[in-house]
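Residue-level structural notes
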Amino acid sequence: MPGPIDLHAHSSVSDGTETPAELIAAGVAAGLGVLAITDHDSTAGWDQAFVAAHGTGLEVVPGIELSTQLDYASVHILGYLVDSDDPDLVEATAAIRSERLHRAEAMVDRIGVDYALTWDDVLAQTTPGATVGRPHIADALVARGHVSDRSAAFASILHWQAGYYRPHEAPPPLEGVRLITNAGGVAVIAHPGARGPQRVLSDKRMRALVDAGLFGLELDHRDNPPGSRGHWADLAHRFGLVTTGSSDYHGAGKPNRLAENTTSPDVYAAIVARATGARPFRTG
């Protein structure tokens, strides 16, 4: 590859602060060779990203970050090179986005009892068709002056122990892996060392996921505590999984920077070779 490979980034189609075109421009400015657009439960930003990448030399991997839930813990699964028209995936992601919307509305109702915050405040922080979620509530809290930034919002008002949180209803990880695999995609568990996956993904459950088609673990990620990475690296070795590295870039929405963690060319080649649902967008 002519530059680093970053396989996890978000645009304003979900909870990033940059449009798909701006995300591509940021990838070019960062000197990336490959960038994956992996918005939450949506592929709506793909075409805009492809148009923006034309002539830049940046290779764009169309992807998705699928929301799943297990024992009240959120487990996100990256799906690379899926068929965006796969009917089961389309139906599942539409249902997840709808539930995200209702969840967000319920949380805003709870927060509004104690803070000046309305649903219109949240909608003002989104783009048309965006997957609305807690980051947009955080942006609205910032705009209202209740907190300084998104990180402060998640550490206080939006923290699961603050009293306003509502669990997110989503399919279990096993179904998520099957949806991605059946759509011709490649399934990789995002930041498995984060609080949710770390708590619920036992060896037995990992075996079931691997049998369903799980291909890898996102090992190099700032949300994986250093002390947990040995465990996940060992698990990947035992189950024959690849390990990736990614930034999980959200523009100004998170401190994560493009290329702060990257994936090796060999692993990237294995992901591309495995996929049958779509191909990377390559242009000179």
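Before reading on, note that the structure itself is shown above.
Residues numbered from 1 in each chain as written. Predicted model: local features only at pLDDT ≥ 70, side-chain atom pairs only at ≥ 80, totals over all residues. Heavy atoms only, no water.

1. A short note on the packing of helix H1 (residues 20-29) against helix H2 (residues 46-53)
Packed helix pairs are specified by the crossing angle of their axes together with the interaxial distance, meaning the distance between the axes. Contact geometry of H1 with H2 gives a least axis separation of 8 Å together with a crossing angle of 45 degrees. When the axis of H1 is compared with that of H2, the two are oblique. As H1 packs across H2, the resulting crossing turns out to be right-handed. In this structure, H1 uses Pro 20, Ala 21 and Ile 24 to contact H2, whose residues at the interface are Gln 48, Ala 49, Ala 52 and Ala 53. (Axes fitted to C-alpha atoms, helices over the stretch in contact; angles between N-to-C directions. Helix = DSSP H or I, 4+ residues; strand = E, 2+ residues; numbered from the N terminus. Parallel < 35°, antiparallel > 145°, perpendicular 65-115°, else oblique. Left-handed = near helix turned anticlockwise from the far one by under 90°. Contact = heavy atoms within 4.5 Å.)

2. A word on the pairing of strand E2 (residues 34-37)
On any regular strand, side chains alternate: one points to one face of the sheet, the next to the other face. Neither face of E2 is left uncovered, since the one carrying Val 34 and Ala 36 and the one carrying Leu 35 and Ile 37 both have all their residues buried. Direction of pairing for strand E1 (residues 5-6) relative to E2: parallel, over a ladder of 2 bridges. Bridge pairing links Asp 6 to Leu 35 in E2. Where the polypeptide runs from E1 across H1 and back to E2, its parallel neighbour, the crossover connection is right-handed. (Buried < 20%, exposed > 50% of the residue type's maximum accessible area, 1.4 Å probe, protein only. Pairing = 2+ DSSP bridges. Right-handed = clockwise from strand over helix to strand, strands pointing away.)

3. Points about the environment of Ala 130
On the secondary structure map, Ala 130 appears in the loop between helix H4 (119-123) and helix H5 (134-143). The buried category is assigned to Ala 130, whose relative accessible area is 13%. The spatial distance from the C-alpha of Ala 130 to the C-alpha of His 102 is 14 Å, given a sequence separation of 28 residues. With near-sequence residues (within four places) excluded, Ala 130 lies in contact with Ser 12, Val 13 and Ser 14.

4. Focus: the packing of aromatic side chains
One pass over the full model with this rule turns up 2 aromatic pairs. When the centroid spacing of 4.9 Å and the interplanar angle of 15 degrees are considered together, the rings of Phe 50 and Phe 281 count as stacked. Of this pair, Phe 50 sits in helix H2 while Phe 281 is found in the segment after helix H11 (265-274), placing the two residues 231 residues apart along the sequence. Classification of Phe 50 by relative accessible area gives buried; the value is 17%. The class for Phe 281 is partly exposed, based on a relative accessible area of 23%. Ring geometry for Tyr 115 versus Tyr 164: centroids 6.2 Å apart, planes at 75 degrees, classification edge-to-face. With Tyr 115 in the loop between helix H3 (87-114) and H4 and Tyr 164 in the loop between helix H6 (150-155) and helix H7 (173-182), this pair connects stretches of sequence that are 49 residues apart. Looking at Tyr 164, the relative accessible area reads 11%, which means it is buried. (Phe/Tyr/Trp six-rings, centres within 6.5 Å; stacked < 30°, edge-to-face > 60°.)

Taken by themselves, the reported measurements are silent on function.
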